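What the coordinates show
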Amino acid sequence: MCLCSSNHLLTAGRSIKLWNVETKELLKTFTGHKTEIFRLLPLPLSADASDSPENMYFLSAAQNDRIINAWQINTSSSDKNSITSFSLPEEPTLLDVCQQSTEQVVMLCAVTRSGQVVIFEHKLNGRLKKPLKPKVLLQVSTSGAKDSLPLPIPILAAQICDQDILIVHGNFLKPTFERVRYNSADPVQCLIREDPRKVSLQTDRSLSKIQTPDVSKDSTVLVPGLMAPSGPSQEPGRRSKRKPSITDMSMEERLNAISVDHPSHPTREPPQADTLARLLTQGLQSQDKKLINNVLMQASEKVVQNTVRKLPIQAIIPLVQELSSRMHTHAQSSSKILRWIKTLLTIHTSYLMTFPDMVENLSTLYQMMDSRTMMFNKLSRLQGKLDLVLSQVTAQDQPEVETESLEQPLLMYQEESSDEDFGLDDFAPTQSDTEDNVDLFDDIEEMDKTPDQQNGDEEEKNSDDDEMEDSPMENGDEEMESE
């Protein structure tokens, strides 16, 4: 939002609205942009603009949109579209505008996402059909050596100051301010500057306010064993003049001296290397890459914390330099190196804040991490689109055999087939089967009858048999008589 006059307010989400502050009334709505608007800049062109917003211009810029629109406030008109648009090569991140009162020419300065500055000059006196192109393009880069190409240095911000342009380039930890003379005759201007990541802080030791105390040579400073390596107790090349006497030896030493099996020269014990802190300290002092790799490849978070806590103070700065250099080599081991960096910064924060040169080491590390994660969102979107396209392509190329097999019927009936008779005959009962079933039922009925009923049935059966025997004889006699 922004105040375009003393009593009028402009607010923007995607559409732009003009409000009356006193009456809280919505006066007009403009179309705006397709995405969220992040910047509104009013341009008063008349002396009465502070009291009334009529015939006043303002600019708007939105996220993921490389077009900056110019609008004119006219509450009596129903036109809601912009009158002029400025075309940028990339999405703008910062805007600054300046107006020349003599000719009413607006000078627009915009910083793009890639770190370039584009400058427009235009007189707002009517509607334009095509978007305006930048008049001057300003960028900063390194000179580049024989074996390397020049690298761009991003411009963080820019502001118009009369006929000059104040720019800030480099990084946010070590920004560099510079005033550049504006020249509209040169459409592309490239400034050659040194790489801020390679510039080191140079301090004059003679002007240092730190006074080192005078230490006597006869004094001895006692420190813990882990903080400083223990030196030899006797200077090399100098022998002791006093010979040990027998009275100074203990009974055990005398017996060992008399013993024949005991070696004449005592064996030296190997150096202690029982902790990862000692191994890491020795590796940093001797620059042994293999020993440092064995320690830094530890994946346990508890082991990393205990090792960092037991590190001597003299090994903290070399460890930070070693970790930052390893982050620039291989991206596969970055997860383990980041665990060491996080633990080291968490535990020894107060000690690291006392070193001014540490800002340079950490700034290069921050820039490297920022550059690696810059394309992550765009790559994830691209991966999603590619997965969608590949899934559609594989679905179209897949054969439709399975769908045809599912459409086949499980049973098919043909009306003119001769196999129908076989099917009916197989299921129809035969004559022998029916007779067997009848005999079975007769046996069951006889078993259910009483003995008296069974005797009566036998008599009826015998009488039937006699009649059957007599009937053929009678038929034979009748045939004889007829003859």
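Residues numbered from 1 in each chain as written. Predicted model: local features only at pLDDT ≥ 70, side-chain atom pairs only at ≥ 80, totals over all residues. Heavy atoms only, no water.

Some thoughts on the pairing of strand 14 (residues 155-161)
Bridging between strand 14 and strand 15 (residues 164-170) involves six bridges; their strand directions are antiparallel. Looking across to strand 15, one finds that alanine 157 is bridged to valine 168. Between strand 14 and strand 15, which pair antiparallel in sequence order, lie two residues; one of them, aspartate 162, sits at a positive phi of approximately 55°. (Pairing = 2+ DSSP bridges. Helix = DSSP H or I, 4+ residues; strand = E, 2+ residues; numbered from the N terminus.)

What to know about unusual backbone geometry
Backbone geometry places lysine 24, a non-glycine residue, at a positive phi of 55°. For lysine 24, the position within the fold is in the loop between strand 3 (16-20) and strand 4 (25-30). Assessed through its relative accessible area of 72%, lysine 24 is described here as exposed. Phi is positive for aspartate 162, which is not a glycine, with a value near 55°. Its place among the elements puts aspartate 162 in the loop between strand 14 and strand 15. (Buried < 20%, exposed > 50% of the residue type's maximum accessible area, 1.4 Å probe, protein only.)

Here's the deal with the pattern of salt bridges
Scanning the model with the defined rule gives eight salt bridges in all. For glutamate 121, the salt bridge identified is with lysine 135, shortest N-O distance 3.1 Å. In this pair, glutamate 121 is assigned in strand 11 (residues 117-123) and lysine 135 in the loop between strand 11 and strand 12 (136-141), connecting sequence segments 14 residues apart. Judged by its relative accessible area of 39%, lysine 135 falls in the partly exposed class. Here lysine 289 makes a salt bridge to glutamate 322, at a shortest N to O gap of 3.3 Å. In this pair, lysine 289 is assigned in helix 3 (residues 289-296) and glutamate 322 in helix 5 (residues 316-327), connecting sequence segments 33 residues apart. What makes lysine 289 partly exposed here is its relative accessible area of 43%. Here the salt bridges share partners, and the residues they tie into one network are Lys289, Glu322 and Arg326. (Salt bridge = Lys/Arg side-chain N within 4 Å of Asp/Glu carboxyl O.)

A few points about the sheet that holds strand 16 (residues 175-181)
Taken in spatial order, the three strands of this open sheet run 14-15-16, and their pairing is antiparallel. Sheet topology places strand 14 and strand 16 at the edges, where each strand pairs with a single neighbour. In this sheet, adjacent strand axes meet at a mean angle of 20° when their direction is disregarded. Bridge analysis of strand 15 against strand 16 gives seven bridges, and the strand direction is antiparallel. Across the sheet, the residue bridging to aspartate 164 is arginine 181, located in strand 16. (Axes fitted to C-alpha atoms, helices over the stretch in contact; angles between N-to-C directions.)

Some words on helix 4 (residues 301-309)
Where helix 4 is concerned, the buried positions are Val304, Thr307 and Val308. Projected down its long axis, helix 4 shows its buried positions confined to an angular sector of 95°, all on one face. Turned more than 90 degrees from where helix 4 packs its buried face, Lys302 and Arg309 sit exposed. Residues of helix 4 that are buried in the fold lie against helix 2 (276-286) and helix 6 (334-347). (Arc of directions from axis to C-beta. Contact = heavy atoms within 4.5 Å.)

Some thoughts on the side chain of aspartate 96
Along the polypeptide, aspartate 96 turns up in strand 9 (residues 92-100). Arginine 39 provides the closest opposite charge to the buried, salt-bridge-free aspartate 96, at an N-O distance of 6.2 Å. In terms of polar contacts, aspartate 96 uses its side chain to reach the backbone amide nitrogen of isoleucine 160, at 2.8 Å. Discounting residues that sit within four places of it in the chain, aspartate 96 has contacts with Leu41, Met107, Leu108, Cys109, Ala158, Gln159 and Ile160. (Lys, Arg positive; Asp, Glu negative; His and termini not counted. Polar contact = N/O pair within 3.5 Å; in protein donor to acceptor, adjacent residues only side chain to side chain.)

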